[in-house]
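What follows is each chain in one-letter form.
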Amino acid sequence: MSRNDALRAARLRVGWRTVERAAAALTEHGQQLLDDRHFTVSPRTWRRWEGERPGWPAEETASVLHDALGRWPEDLGFTTPPGWIRPERHEEVAVKRRAFISVTSAALVAGPVAPQHVDPALIDYFQTQLEGHYRADMLLGPHDLIGTVSAQYQLIDKLVRSAKGETRRGLLRVGAAYAALIGWLYQDAGDMDGAAFWRGVTQEIATRSRNRHLIGYSLVNQAQVRTDLGDGHAVIDLCEAALDDAGLLPKVRIMAIQQQAHGASLTGDRRTVDQLIDVAEGLLSRIDDDLPWGNACRRTPGYLEVQRATCYGRLGLGRESVALWDQVLDVVPATARRDRGVYLARHATAAAGAGEPEQALEIARTGTEIALETRSARMRRELTTLERAMLPWQDALVGRDMAEVLAPVTKGI
């Protein structure tokens, strides 16, 4: 199937049977959306879009296409320009822009605060709360937690300014863990600007704490953002920088090595993916710390096989990925609902890639239910990837059924 078929399929799906009808309908939609009566798309322009060289639409036109068809241009067969990072829909952002500004501003409060006594017992209090936030994230997704965790970070930041000696160092360490969680919540909500900001805060606080393990952890956090941006070489650079410290805890080394495998998958290097995951597996038995952060490798059943299956899917190894997901999903507990939804979406995409559209459809039914509940933008992106993988069957009954199943998620909640 040539790339321009995607746009044709999208317009037919919404009932625009001819190029002329599509141009007129998009013009009308754009004028209303942008409140601009001069917005126009001609049949000639649409015909070029469905040709062999569709080019790239203007930014306003891209937004209109997305609003009308529920797809961004890169999903509609347009030629993606270098460096394009699509904006996310407003409802995918974890909080409204006003709230985002208040949260980031709170992390950069200027001037001194009123001094107060800071009891060392507060370190244990915040660490205990942190574990509860991790559990809630697996059940709820990002939207209901960002405000709560951010408010606690603000309090930690305030206390750090009054604390002394080891109490201050301890609060910096726990503060870095909170900042990392906030960054993850923004990332899961689809707000990459917010994620990048908080990953930067994590690295700053980790450096101030002088804790080598947290500094390595912060670099892995930065690499996670780069993975979502598709920048494999940056992922590898950041993970190598973390691994330069030979004294890292096994847990942090595992996180860095498995994230480096994701970078390798983004550059098409399967051999390195397998080598790195195998090395990480050899370190699992050596984890013996009691730190409250970075415990996904202990908390998530089949953690490293999840990473391998994800990398295989990214590499287009459908059958190998399906076999791994079959194993992983058998042991994922019901409490990890959001993660299970992401895994199901990846499993379904792998099934489509393996030429098993009926299996993909069956898997997707459960995945979309979880996506609607958790409002995870990361899961929505995974289901959009599944939608593209199902294009070869778009005119078959299974393809139409899949479009119906995915529509509530991929066209907006």
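Our subject is the structure listed above.
Rules and cut-offs
Residues numbered from 1 in each chain as written. Predicted model: local features only at pLDDT ≥ 70, side-chain atom pairs only at ≥ 80, totals over all residues. Heavy atoms only, no water. Buried < 20%, exposed > 50% of the residue type's maximum accessible area, 1.4 Å probe, protein only. Helix = DSSP H or I, 4+ residues; strand = E, 2+ residues; numbered from the N terminus. Contact = heavy atoms within 4.5 Å. Phe/Tyr/Trp six-rings, centres within 6.5 Å; stacked < 30°, edge-to-face > 60°. Lys NZ or Arg CZ within 6 Å of the ring centre and 35° of its normal. Salt bridge = Lys/Arg side-chain N within 4 Å of Asp/Glu carboxyl O. Core = buried A, V, L, I, M, F, W, Y, C linked by side-chain atoms within 4.5 Å. Axes fitted to C-alpha atoms, helices over the stretch in contact; angles between N-to-C directions. Parallel < 35°, antiparallel > 145°, perpendicular 65-115°, else oblique. Left-handed = near helix turned anticlockwise from the far one by under 90°. Nonpolar A, V, L, I, M, F, W, Y, C, P; charged D, E, K, R; others polar. Patch = residues over 30% accessible without salt bridge, like charges linked within 9 Å, V, L, I, M, F, W, Y side chains within 5 Å. Areas by Shrake-Rupley, 256 points an atom, 1.4 Å probe, with all protein chains shown as cover. Lys, Arg positive; Asp, Glu negative; His and termini not counted. Charge placed at Lys NZ, Arg CZ, Asp CG, Glu CD. Expected span 1.5 Å × (residues − 1).

> Even after reading the chapter, I still don't get helix α4 (residues 59–69), so can you show me in this structure?
Because the α-helix completes a turn every 3.6 residues, residues three or four places apart line up on one side. Within the span of α4, buried status applies to Thr61, Ala62, Val64, Leu65, His66, Ala68 and Leu69. Residues of α4 that are buried in the fold lie against α1 (5–13), α2 (19–34) and α3 (43–49). Within two residues after α4, Gly70 carries a phi angle of roughly 75 degrees, on the positive side.

> Just to check I follow, could you spell out the packing of aromatic side chains for this structure?
Ring pairs (aromatic) are described by centroid distance and by the angle formed between their planes. Counted according to the given criterion, the structure contains 9 aromatic pairs. When the centroid spacing of 5.0 Å and the interplanar angle of 65 degrees are considered together, the rings of Tyr125 and Phe126 count as edge-to-face. Look at Tyr125 and you get partly exposed, because its relative accessible area is 41%. Phe126 gets classed as buried once you look at its relative accessible area, which sits at 1%. Here the aromatic residues Trp16, Trp46, Trp49 and Phe78 are joined through ring pairs into a cluster of three or more. Directly above the aromatic system of Trp293 lies the positively charged group of Lys251, at a separation of 4.8 Å from the ring centroid. Sitting over the face of the ring of Tyr312, Arg270 holds its NZ or CZ atom 4.8 Å from the ring centroid.

> It is not clear to me how unusual backbone geometry should be interpreted in this structure. Could you clarify?
Excluding glycine, residues mostly carry a negative phi; peptide bonds, for their part, are mostly trans. Unusually for a residue other than glycine, Asp35 sits at a positive phi of about 55 degrees. Phi is positive for Arg210, close to 65 degrees, though the residue is something other than glycine. Accessibility expressed as a relative area gives 62% for Arg210, which makes it exposed.

> Got a minute to help me understand the pattern of salt bridges in this structure?
A side chain of one charge can pair with a side chain of the opposite charge if their charged atoms are brought near each other. Tallying each qualifying case throughout the model produces 25 salt bridges. The partner of Arg47 in a salt bridge is Glu20, and the shortest N-O contact between them spans 2.7 Å. One end of the pair, Arg47, is in helix α3; the other, Glu20, is in helix α2, with 27 residues separating them in the sequence. You can call Arg47 partly exposed: its relative accessible area is 44%. On the basis of relative accessibility, which here comes to 42%, the residue Glu20 falls in the partly exposed class. When the shortest N-O distance is used, the salt bridge between Arg338 and Asp188 registers 2.8 Å. Remark: Asp188 occurs in helix α8 (residues 165–188) and Arg338 occurs in helix α17 (residues 337–353); sequence separation between them is 150 residues. Residue classification places Arg338 among the buried positions, given a relative accessible area of 2%. By relative accessible area, Asp188 is classed as buried at 0%. Taken together, the salt bridges that share partners define one network made up of Arg270, Asp274, Asp278, Glu281, Glu305, Arg308 and Glu320.

> Is there a simple way to explain the nonpolar core in this structure?
Within soluble globular proteins, side chains that are nonpolar tend to cluster in buried spots. Of all hydrophobic cores here, the largest spans 60 residues; its most connected members are Tyr153, Leu171, Tyr178, Ile254 and Trp293. Broken down by element, this core gets its largest block of residues, 13 residues, from α8. Beyond its immediate sequence surroundings of up to four residues, Tyr178 is in contact with Phe126, Gln129, Leu130, His133, Val149, Gln152, Tyr153 and Ile156. One finds Val332, Ala352, Ile363 and Ile370 within the second-largest nonpolar core, a separate group that totals 36 residues.

> Whenever I open this one, the packing of helix α15 (residues 303–314) against helix α16 (residues 318–329) confuses me. Can you help?
To characterise two packed helices, one gives the angle between the axes of the helices and the distance between these axes. Interaxial distance between α15 and α16 falls to 8 Å at its minimum, and their mutual angle equals 155 degrees. The angle between α15 and α16 falls in the class roughly antiparallel. Regarding α15 and α16, the two cross each other, and that crossing is left-handed. Every residue of α16 that contacts α15 at Glu305, Val306, Arg308, Ala309, Thr310, Tyr312 and Gly313 is listed here: Glu320, Ser321, Leu324, Trp325 and Val328. For the contact of α15 with α16, the per-class residue count stands at 6 nonpolar, 3 polar and 3 charged.

> Would you mind going over a positive patch on the surface with me for this structure?
A contiguous patch of positive charge on the surface is contributed by Lys164, Arg168, Arg169, Arg173 and Arg210. Inspection of the secondary structure assignment puts Lys164 in the loop between α7 (146–160) and α8. Since its relative accessible area comes to 66%, Lys164 is described here as exposed.

> Just checking my understanding: could you explain α2 for this structure?
Counted at 1.5 Å a residue, the expected span for α2 with its 16 residues is 22 Å, and the 22 Å between its end C-alpha atoms agrees. For α2, every residue scored as buried is listed here: Val19, Ala22, Ala23, Ala25, Leu26, Thr27 and Gly30. Looking at the buried residues of α2, the elements they touch are α1, α3 and α4. Count one or two residues on from α2 and you reach Asp35, which has phi positive near 55 degrees.

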